[in-house]
Amino acid sequence: LAPGEGGHRSAYFELGTSEWEGGVPEDDFEDADDSTTASIGLLTAPADSVVDGRLAGWVGDVSLRQSRGEDEVLPGVDVDVDRTELATGMRWYGDTGSARLQPFVGAGLLLSRGEFDAGDGVDGNDTSAGFYGVVGVESQVTDNVRVGLLYRITEDVEYDFEDDGFEGDFDASSFLLSIGW
């Protein structure tokens, strides 16, 4: 990584799985089966956050994430749930003195759009705000490519699909593989 005049900018792509927790009245929404999460994002850092070609210190993070899952929320009722999130936050990269192992933690705010489809015309959508936290580790594999593993949680994402009585906190936890350049 090389700092630009105003700092450093890099893009990343993440892919992994998510488990969602949520609820319908009086019943728990089981962890979503077959859920897949993909995101693209942009990291921006001041010039002093690039040390010997690696990130170190505070870095801005903006991402767009899509998650899709399905589950049987009630006996015989399968529901497809899609979430789209726009998130902004900060990451702090620890300076280990090596590009081989760079741990980071981060947090931020998100705007989430949820949609569900239970078939037979039973569907809905809602928008909610929430927050996220992330912890992970990256490795600089070439001068311009990073790979990493991370764990991400979202909290306080509350959808209320009033017309269909389907509501609750749709918090998620995700394990993701990332590649950045």
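What you see is a predicted model, and the numbers here were worked out from it, not measured in a lab.

Draft legend 1. Molecular detail of the nonpolar core. Ranked by internal contacts, the top residues of the largest apolar core, which has 17 residues, are Leu43, Leu55, Val59 and Tyr93. Put simply, the parts of the chain that give this core at least two residues each are strand 3 (33-45), strand 7 (77-93), strand 8 (102-117) and strand 9 (123-140). Not counting residues within four places of it along the chain, the set of residues in contact with Tyr93 comprises Leu43, Leu55, Ala56, Gly57, Val59, Gln102, Pro103, Phe104 and Glu138.

Draft legend 2. Expanded view of a negative patch on the surface. A surface patch of negative charge is lined by Glu70, Asp78, Asp80, Glu115, Asp117 and Asp123. Relative to the elements of secondary structure, Glu70 occurs in strand 6 (residues 57-74).

Draft legend 3. Spatial organisation of the environment of Leu109. Assignment of secondary structure puts Leu109 in strand 8. Given the relative accessible area of 58%, Leu109 is considered exposed. Taking the C-alpha atoms as reference points, Leu109 and Gly133, 24 residues apart in sequence, are found 9.1 Å from one another.

Draft legend 4. Structural detail: the pattern of salt bridges. Under the definition given, this model contains 9 salt bridges. A salt bridge links Glu14 to Arg65; the shortest N-O distance between them is 3.1 Å. You can see Glu14 sitting in strand 1 (residues 8-24) and its partner Arg65 sitting in strand 6, a full 51 residues away along the chain. In this pair, the class of Glu14 matches that of Arg65, namely buried. With a closest N to O distance of 2.7 Å, Arg54 and Asp95 form a salt bridge. With Arg54 in strand 5 (residues 54-55) and Asp95 in the loop between strand 7 and strand 8, the pair connects residues that are 41 residues apart, well separated along the chain.

Draft legend 5. The arrangement of the packing of aromatic side chains in detail. In the structure shown here, the tally under the stated rule is 2 aromatic pairs. For the ring pair Tyr93 and Phe104, a centre distance of 5.1 Å and an interplane angle of 35° mean the geometry is tilted. Note that Tyr93 is positioned in strand 7 and Phe104 in strand 8, a separation of 11 residues in sequence. A single burial state applies to Tyr93 and to Phe104, both of which are buried. A centroid spacing of 4.8 Å and a plane angle of 45° characterise the contact between Tyr151 and Phe175, whose relative ring orientation is tilted.

Draft legend 6. Seen up close, the environment of Leu177. Here Leu177 shows up in strand 13 (residues 171-180). Beyond its immediate stretch of four places on either side in the chain, Leu177 contacts Phe13, Glu14, Leu15, Gly148 and Leu149.

Basis of the calculations
Residues numbered from 1 in each chain as written. Predicted model: local features only at pLDDT ≥ 70, side-chain atom pairs only at ≥ 80, totals over all residues. Heavy atoms only, no water. Core = buried A, V, L, I, M, F, W, Y, C linked by side-chain atoms within 4.5 Å. Buried < 20%, exposed > 50% of the residue type's maximum accessible area, 1.4 Å probe, protein only. Helix = DSSP H or I, 4+ residues; strand = E, 2+ residues; numbered from the N terminus. Contact = heavy atoms within 4.5 Å. Patch = residues over 30% accessible without salt bridge, like charges linked within 9 Å, V, L, I, M, F, W, Y side chains within 5 Å. Areas by Shrake-Rupley, 256 points an atom, 1.4 Å probe, with all protein chains shown as cover. Salt bridge = Lys/Arg side-chain N within 4 Å of Asp/Glu carboxyl O. Lys, Arg positive; Asp, Glu negative; His and termini not counted. Charge placed at Lys NZ, Arg CZ, Asp CG, Glu CD. Phe/Tyr/Trp six-rings, centres within 6.5 Å; stacked < 30°, edge-to-face > 60°.

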